[in-house]
Amino acid sequence: MNFEPLYLRLPIFAQNALCSIYGNRLIARRYNQQYQALEKEIFSREFWSGEKLREYACQRLQSMITYAAVNVPYYRQLFASQGIKAEDIHRPEDLSVLPIIDKGTVQEHRSEFFSEELKRIPHSIVHTSGTTGAGLIFPLSLKAEQEQWAVWWRYRARFGIDTQTWYAHFYGKSVVPQNQTKPPFWRINKPGHQILFSAYHMSDVYLPYYIDELNKRKPLWIQGYPSLLSILASFMLERGIQLNYQPKVVTVGAESLLPQQKALIESAFNTKCRQHYGMTETVANISECPEGNLHVDEDYALVEFIPIDDNSYRIIGTTFTNFAFPLIRYDTGDVAELYEASSKCSCGRNGRLVKSIDGRIEDYVLTPDGRRIGRTDHIFKDMINIKECQICQDEPSSVVFRIVRGAKYTNEDERLLLYEARKRLGNELKIQISYVEKIERTKTGKLRFVISKLAQGKLDRQRKDV
């Protein structure tokens, strides 16, 4: 049952109370006595050697494969039809005998992925949309949920924050009614130490109230979608506004962190902006270290990088934890750029190094000569006077750049934008610039960076062609 309409009609004090009640329920479920022991174990694996990590990952892979072959109808039928024996899969390389599955396959055969032991597994039902926005509802075991949070807290602990740290939360949930025109444009979850800022009131008129609240409560940790935080950061920089305190860190997730967003956020908040990559499906986790490098959390899930071209790889994941709904060789729909396999990080952690992750809902730009252009965010790498941008394509001969200008945006910025676009998209494609006040977001508050109405340009179509 959806209680959101009722929640949004309640007075503010009642909304705050409900946020805290819900937060307390999450804490009771996630951070029980079993969690504490699990967290200690997970934290202890952070500096394992590469050899020890691989051995541990192989053990967890064997355990999941063996379980799925017996207890999950989809895999039991698959193994039988393909003549595959679970005991023959005990290393990451052995997984190549299994097909890669995507969200469409899981949606179509959803009931077949449920463990037949589900009634004996403590779990909750979760919802996810992921990169493409396609919905998926499935059971997540309590232990998988707790391990996921322990891995996330391991990453956060690197930057001096823990479960008792108050933080400002800028994500897409609707916690403040959209018709509200007076502060507070935030709600409080006391048990979770969260200040939940609205993603839908971030206009120039209301942002001063956001800054006042940050200065009043002084949360040492700021977290959210980079597209939302960059709006606040741009507003602060344009007006020469600084916080009256020093946050320890800003962390971002759920969207790709674009270079210009990182520059804006770090400049505005005068601290480092860190990122991590994870998902409700529990098939992959990649997190930043204090040296600024992204490491695969090899002990958490098995991540495969399947080449698309010389510079990009599909992220394919296999869960080690969710025995309630096992996903093996699951196509996340996201793309990574990697360092050389021999690269090592001076931080001492031994997970594989990832240069960048494209996890946004982003289509491709098609050129008149038939090329599909991805990674178009590099066009905007140095464009710090652009608040937000979106590329739209309705026909093969042209694209429209929808731009929300910053206060310092000039004709020189437009000239540089066109130059960088031409450098990557060529001279045959007609480029139009449309200046807008805001860019519409998805229902979950995310920003789509490239939108194509052309069949060959859509990300879902491209995945099938890879």
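Everything below is about the structure shown above.
Quantities reported herein were computed from a predicted structural model and do not represent experimental measurements. (Residues numbered from 1 in each chain as written. Predicted model: local features only at pLDDT ≥ 70, side-chain atom pairs only at ≥ 80, totals over all residues. Heavy atoms only, no water.)

Where do I start with the environment of tyrosine 435 in this structure?
Of note, tyrosine 435 is situated in strand E19 (residues 430-435). Taking the C-alpha atoms as reference points, tyrosine 435 and valine 404, 31 residues apart in sequence, are found 6.0 Å from one another. Aside from chain neighbours lying at most four places away, what touches tyrosine 435 is Ile403, Arg405, Tyr409 and Glu414. For tyrosine 435, the side chain forms a polar contact with the side chain of tyrosine 409, separated by 2.7 Å. A polar side-chain atom of tyrosine 435 sits 2.5 Å from a polar atom in the side chain of glutamate 414. (Helix = DSSP H or I, 4+ residues; strand = E, 2+ residues; numbered from the N terminus. Contact = heavy atoms within 4.5 Å. Polar contact = N/O pair within 3.5 Å; in protein donor to acceptor, adjacent residues only side chain to side chain.)

It is not clear to me how the environment of proline 191 should be interpreted in this structure. Could you clarify?
Tracing the chain through its elements places proline 191 in the loop between strand E4 (186-189) and strand E5 (194-197). C-alpha separation for the pair proline 191 and histidine 276, spaced 85 residues apart in sequence, amounts to 24 Å. Sequence-distant contacts of proline 191, that is, excluding residues within four places in its chain, are made with Ser20, Gly23, Asn24 and Ile27.

It is not clear to me how the pairing of E4 should be interpreted in this structure. Could you clarify?
Working note: regular strand, side chains alternate between the two faces of the sheet. Judged by which residues are buried, E4 turns out to be covered on both faces: Trp186 and Ile188 on one side and Arg187 and Asn189 on the other are all buried. As judged from the four bridges shared by E4 and E5, these two strands associate in the antiparallel manner. Across the sheet, the residue bridging to tryptophan 186 is phenylalanine 197, located in E5. Linking two consecutive strands that pair antiparallel, namely E4 and E5, is a turn of four residues; a positive phi of about 55° is found at histidine 193 within it. (Buried < 20%, exposed > 50% of the residue type's maximum accessible area, 1.4 Å probe, protein only. Pairing = 2+ DSSP bridges.)

Where do I start with the sheet that holds strand E3 (residues 167-170) in this structure?
One key point about sheets: their strands pair by backbone hydrogen bonds, in either a parallel or an antiparallel sense. The strand order across the open sheet built from 12 strands is E4-E5-E3-E6-E7-E8-E9-E10-E14-E13-E12-E11, with neighbouring strands paired in mixed fashion. The sheet terminates laterally at E4 and strand E11 (301-307), the two strands that pair on one side only. With direction set aside, neighbouring strand axes in the sheet form an average angle of 35°. Across four bridges, E3 lies against strand E6 (residues 221-224) in parallel orientation. Paired with histidine 169 across the bridge in E6 is glutamine 223. (Axes fitted to C-alpha atoms, helices over the stretch in contact; angles between N-to-C directions.)

Would you mind showing me how to read the nonpolar core here?
Considering soluble globular proteins, one finds that nonpolar side chains tend to be buried as a cluster. By size, the foremost hydrophobic cluster in this structure holds 47 residues, and its most contacted members are Ile65, Tyr75, Phe79 and Leu98. Residue assignment for this core shows that the elements contributing at least two residues are helix H4 (50-71), helix H5 (73-82), strand E2 (136-141), strand E10 (294-296), E11, strand E13 (330-338) and strand E14 (353-358). Looking at this core, the element that brings in the most residues is H4, giving six residues. Residues in contact with tyrosine 75, not counting those within four places in the same chain, are Ala68, Ile101, Phe113, Pro326, Leu327 and Ile328. (Core = buried A, V, L, I, M, F, W, Y, C linked by side-chain atoms within 4.5 Å.)

For this particular structure, what's the right way to read the side chain of glutamate 238?
Considering the arrangement of structural elements, one finds glutamate 238 in helix H9 (residues 226-238). Reaching out from glutamate 238, the side chain makes a polar contact with the side chain of arginine 239 at a distance of 3.3 Å. At 2.7 Å, the side chain of glutamate 238 forms a polar contact with the backbone nitrogen of alanine 407. Apart from the residues lying within four places of it in its own chain, the contact partners of glutamate 238 are Lys387, Gly406, Ala407 and Lys408.

Got a minute to help me understand the packing of aromatic side chains in this structure?
When we look at a pair of aromatic rings, we describe it by the centre distance and by the angle of the planes. All chains considered together, the criterion is met by 23 aromatic pairs. Seen in terms of ring centroids, tryptophan 48 and tyrosine 56 are 5.4 Å apart; in terms of plane orientation they differ by 85°. Their pairing is edge-to-face. Each member of the pair, tryptophan 48 as well as tyrosine 56, carries the same accessibility label: buried. Plain terms: the ring middles of phenylalanine 185 and tyrosine 210 are 6.3 Å apart, the flat faces sit at 15° to each other, and that makes the pair stacked. Here tyrosine 210 lies in helix H8 (residues 207-217) and phenylalanine 185 lies in the loop between E3 and E4, a separation of 25 residues in the sequence. Judged by its relative accessible area of 0%, phenylalanine 185 falls in the buried class. Sitting over the face of the ring of tryptophan 153, arginine 156 holds its NZ or CZ atom 4.6 Å from the ring centroid. The ring of tyrosine 435 carries the charged tip of arginine 405 above its face, separated from the ring centre by 4.1 Å. (Phe/Tyr/Trp six-rings, centres within 6.5 Å; stacked < 30°, edge-to-face > 60°. Lys NZ or Arg CZ within 6 Å of the ring centre and 35° of its normal.)

Where do I start with H5 in this structure?
Think of an α-helix as 3.6 residues a turn; residues three or four steps apart then line up on the same face. When we look at burial in H5, the residues that qualify are Pro73, Tyr74, Tyr75, Leu78 and Phe79. Tucked into the core, H5 has its buried residues touching H4 and helix H6 (103-108). Glycine 83 sits one or two residues past H5 and shows a positive phi near 65°.

Is there a simple way to think about the pattern of salt bridges in this case?
Opposite charge on two side chains makes pairing possible when the charged atoms of those side chains draw close. What the rule picks out here adds up to 26 salt bridges. Notably, a salt bridge pairs lysine 387 with aspartate 204, separated by 3.5 Å at the nearest N-O pair. In this pair, lysine 387 is assigned in strand E17 (residues 386-395) and aspartate 204 in the loop between E5 and H8, connecting sequence segments 183 residues apart. Residue class for lysine 387 comes out buried when judged on its relative accessible area of 16%. Of the residues examined, aspartate 204 reaches a relative accessible area of 37% and is grouped as partly exposed. In this structure, the salt-bridge partner of glutamate 304 is arginine 329, at a minimum N-O distance of 2.9 Å. (Salt bridge = Lys/Arg side-chain N within 4 Å of Asp/Glu carboxyl O.)

Would you mind going over the packing of H8 against H9 with me for this structure?
Packed helix pairs are specified by the crossing angle of their axes together with the interaxial distance, meaning the distance between the axes. Running from amino to carboxyl end, H8 crosses H9 at an angle of 95°, the nearest separation of the two axes being 11 Å. Our classification of the angle between H8 and H9 gives roughly perpendicular. Between H8 and H9, the contacting residues are Leu207, Pro208, Ile211 and Leu214 on the first element and Ile231, Leu232, Phe235 and Met236 on the second. (Parallel < 35°, antiparallel > 145°, perpendicular 65-115°, else oblique.)

Help me out: how do you make sense of the sheet that holds strand E18 (residues 398-405) in this one?
One open sheet holds the four strands; their spatial order is E19-E18-E17-E20, and the pairing between them is mixed. Two strands close off the open sheet at either side, each with one partner strand: E19 and strand E20 (450-452). Between one strand axis and the next, the sheet turns by 20° as a mean value, whatever way the strands run. Note: E17 against E18, seven bridges, orientation antiparallel. Residue pairing for E18: cysteine 392 is matched across the bridge by valine 400. Running over the sheet, helix H11 (residues 411-425) touches E17, E18 and E19 and is turned about 145° from E19.

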